[in-house]
Amino acid sequence: MHASARLDAHDAGKVLFYIPAVDTPAVRLNREAFDEMRAYPNISQSAKFPGVLPLWIGMEMILTESFVPPKYVRGTECEVVGLEPHPREPPIEGRDSITTHGCVVFHYMPKCVYVRIKGSKDFFLEGGTTAAAQPGGVDMRAVLAIKPQARSWKFTPSTCKSSVQVSRTQMPLLPRKQCTLHGVQGKTADPGFIVHWTFPPGLTKESKWLAYYVSLSRPRSLSKLLSHGLPEREIIEGGPPEDIVN
């Protein structure tokens, strides 16, 4: 994710911004364990929040939280059109890291990131009616102000067996081209959908049927479905479980 974001920003001639998450563990950690927590790479375990979020103006992202539900759910595509730094953030212009590495690391969590929802014609921000009404002629149509959110996750340091409850604050965004789609509720999978028919042991019949239903109903057609293996025929032909029907 980071390598692709850096290359894409370079190709687009844009400054790459890094937004470090704010982690607050429930107990005090030593420096080694704290650094290990901040560098933890598996966002599936860290509440879908990366320790460091890369983005640049014009970057294609997806929402990892629902906004104006059920219209814009998790996985909705958007494009970064601006950001608002924290009032205490030192001036960005003139930083040495821009000329040496083409990037800026924020010292504080930005107040918000502005994104434009693809395919939307709605106005979300106050005063947004026409492009001419905006300062500098900026079209505010379909622009959302994404603010940081806090989510809980559990981290287990390599030096001990017990886990630590952590509150992580980060922007609910992820790069569109380099992330796993964690939520597909209400979405159509374009350009297609890849299914590995492998599930955790002990999964209930209801959960497995729902997984089958979602996997088969999200692509526009079976020609847009790439199947690794085959699903269990008896689950499909058996229809929805009685509890789901009720």
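Residues numbered from 1 in each chain as written. Predicted model: local features only at pLDDT ≥ 70, side-chain atom pairs only at ≥ 80, totals over all residues. Heavy atoms only, no water.

Undergrad: Got a minute to help me understand the overall build of the protein in this structure?
TA: The secondary structure content of the protein amounts to six helices and 13 strands. The principal-axis extents of the C-alpha atoms in the protein amount to approximately 65 × 55 × 35 Å. Residues classed as buried in the protein amount to 35% of the 246 residues present. Long-range contacts, defined as pairs at least 24 residues apart, comprise 68% of the intrachain contacts of the protein with a sequence gap of at least 6. Only carbon and sulfur atoms are counted for the fraction: they give 53% of the accessible area of the protein, which is about 14700 Å². Each charge class in the protein can be summarised by its mean position, and for the 29 positive and 24 negative side chains these summaries are 1 Å apart. (Helix = DSSP H or I, 4+ residues; strand = E, 2+ residues; numbered from the N terminus. Buried < 20%, exposed > 50% of the residue type's maximum accessible area, 1.4 Å probe, protein only. Contact = heavy atoms within 4.5 Å. Areas by Shrake-Rupley, 256 points an atom, 1.4 Å probe, with all protein chains shown as cover. Lys, Arg positive; Asp, Glu negative; His and termini not counted. Charge placed at Lys NZ, Arg CZ, Asp CG, Glu CD.)

Undergrad: Whenever I open this one, the side chain of Ser46 confuses me. Can you help?
TA: By the secondary structure assignment, Ser46 is in the loop between α2 (31–38) and β3 (52–55). Separated by 2.8 Å, the side chain of Ser46 and the backbone oxygen of Phe49 make a polar contact. When neighbours within four sequence positions are excluded, Ser46 is seen to be in contact with Trp153 and Arg168. (Polar contact = N/O pair within 3.5 Å; in protein donor to acceptor, adjacent residues only side chain to side chain.)

Undergrad: Got a minute to help me understand unusual backbone geometry in this structure?
TA: As a rule of thumb, non-glycine residues mostly have phi less than zero, and peptide bonds are mostly trans rather than cis. Cis geometry marks the peptide bond from Asp190 to Pro191; its omega dihedral reads 5°. Backbone geometry places Ala47, a non-glycine residue, at a positive phi of 60°. By the secondary structure assignment, Ala47 is in the loop between α2 and β3. For Ala142, which is not glycine, the phi dihedral falls at a positive 65°.

Undergrad: Is there a simple way to think about the environment of Pro201 in this case?
TA: Tracing the sequence through the fold places Pro201 in the loop between β12 (193–196) and α4 (205–217). Between the C-alpha atoms of Pro201 and Lys121, which are 80 residues apart in sequence, the distance is 44 Å.

Undergrad: Before we go on, may I ask you to explain the environment of Phe155 in this structure?
TA: Examined against the element boundaries, Phe155 turns out to sit in strand β9 (residues 149–155). For Phe155, a relative accessible area of 1% gives the class buried. Placed 88 residues apart in sequence, Phe155 and Phe67 show a C-alpha to C-alpha distance of 28 Å. Residue contacts for Phe155: discarding those within four places in its chain leaves Ala33, Glu36, Met37, Tyr40, Ser162, Ser163, Val164 and Val166.

Undergrad: So what exactly am I meant to see when it comes to the sheet that holds β3 here?
TA: Backbone-to-backbone hydrogen bonds join strands into a sheet, with any given pair of strands oriented parallel or antiparallel. Here we have three strands laid out as an open sheet, ordered β3-β1-β6, and mixed in their pairing. Each edge of the sheet is formed by a strand with only one pairing partner; in this case those strands are β3 and β6 (103–105). When strand polarity is set aside, the average angle formed by the axes of neighbouring strands in this sheet is 20°. In terms of strand pairing, strand β1 (residues 16–20) meets β3 through four bridges, oriented antiparallel. Looking at the pairing, Phe17 lines up with Leu55 of β3. With respect to the sheet, helix α1 (residues 2–12) is in contact with β1 and β3, its orientation differing from that of β1 by roughly 150°. (Pairing = 2+ DSSP bridges. Axes fitted to C-alpha atoms, helices over the stretch in contact; angles between N-to-C directions.)

Undergrad: In this structure, what is going on with the nonpolar core? I would like to understand it.
TA: The nonpolar side chains of a soluble globular protein tend to be buried with one another. The biggest cluster of nonpolar side chains holds 29 residues, and the ones touching the most others in it are Ile19, Leu55, Met61, Leu63, Val113, Val115 and Leu173. Among the elements of the structure, α1, β1, β3, β4 (60–63), β5 (77–84), β6, β7 (112–117) and β8 (143–146) are those that each provide at least two residues to this core. Apart from residues lying up to four places away in sequence, Val113 is in contact with Ile19, Leu55, Val80, Gly82, Leu83, Leu144, Ala145, Ile146, Met171 and Leu173. (Core = buried A, V, L, I, M, F, W, Y, C linked by side-chain atoms within 4.5 Å.)

Undergrad: Honestly, the pairing of β5 in this entry has me stumped. Any pointers?
TA: Each regular strand carries side chains that alternate between the two faces of the sheet. The pairing of β4 with β5 spans three bridges and is classified as antiparallel. Each bridged residue has a counterpart across the sheet, and for Ile62 the counterpart in β5 is Glu77. Direction of pairing for β5 relative to β7: antiparallel, over a ladder of six bridges. Residue pairing in the sheet places Val80 in a bridge with Val115 of β7.

Undergrad: I would appreciate a short explanation of the packing of aromatic side chains in the present structure.
TA: Here a ring pair, both rings aromatic, is described through the centre-centre distance and the interplanar angle of the planes. Throughout the structure, instances matching the rule amount to eight aromatic pairs. Between Tyr40 and Phe155 the ring centres are 6.1 Å apart and the planes differ by 75°, which places this aromatic pair in the edge-to-face class. Highlighted residues: Tyr40 in the loop between α2 and β3 and Phe155 in strand β9, separated in sequence by 115 residues. Among the aromatic residues, ring-to-ring pairing joins Tyr40, Trp153 and Phe155 into one connected group. (Phe/Tyr/Trp six-rings, centres within 6.5 Å; stacked < 30°, edge-to-face > 60°.)

Undergrad: Got a minute to help me understand the sheet that holds strand β11 (residues 173–175) in this structure?
TA: Spatial strand order, β8-β7-β5-β4-β11: five strands in an open sheet with antiparallel pairing. Across the chains shown, the open sheet's two edge strands, defined by having one partner strand only, are β8 and β11. Neighbouring strand axes in the sheet, compared pairwise and without regard to direction, differ in orientation by 45° on average.

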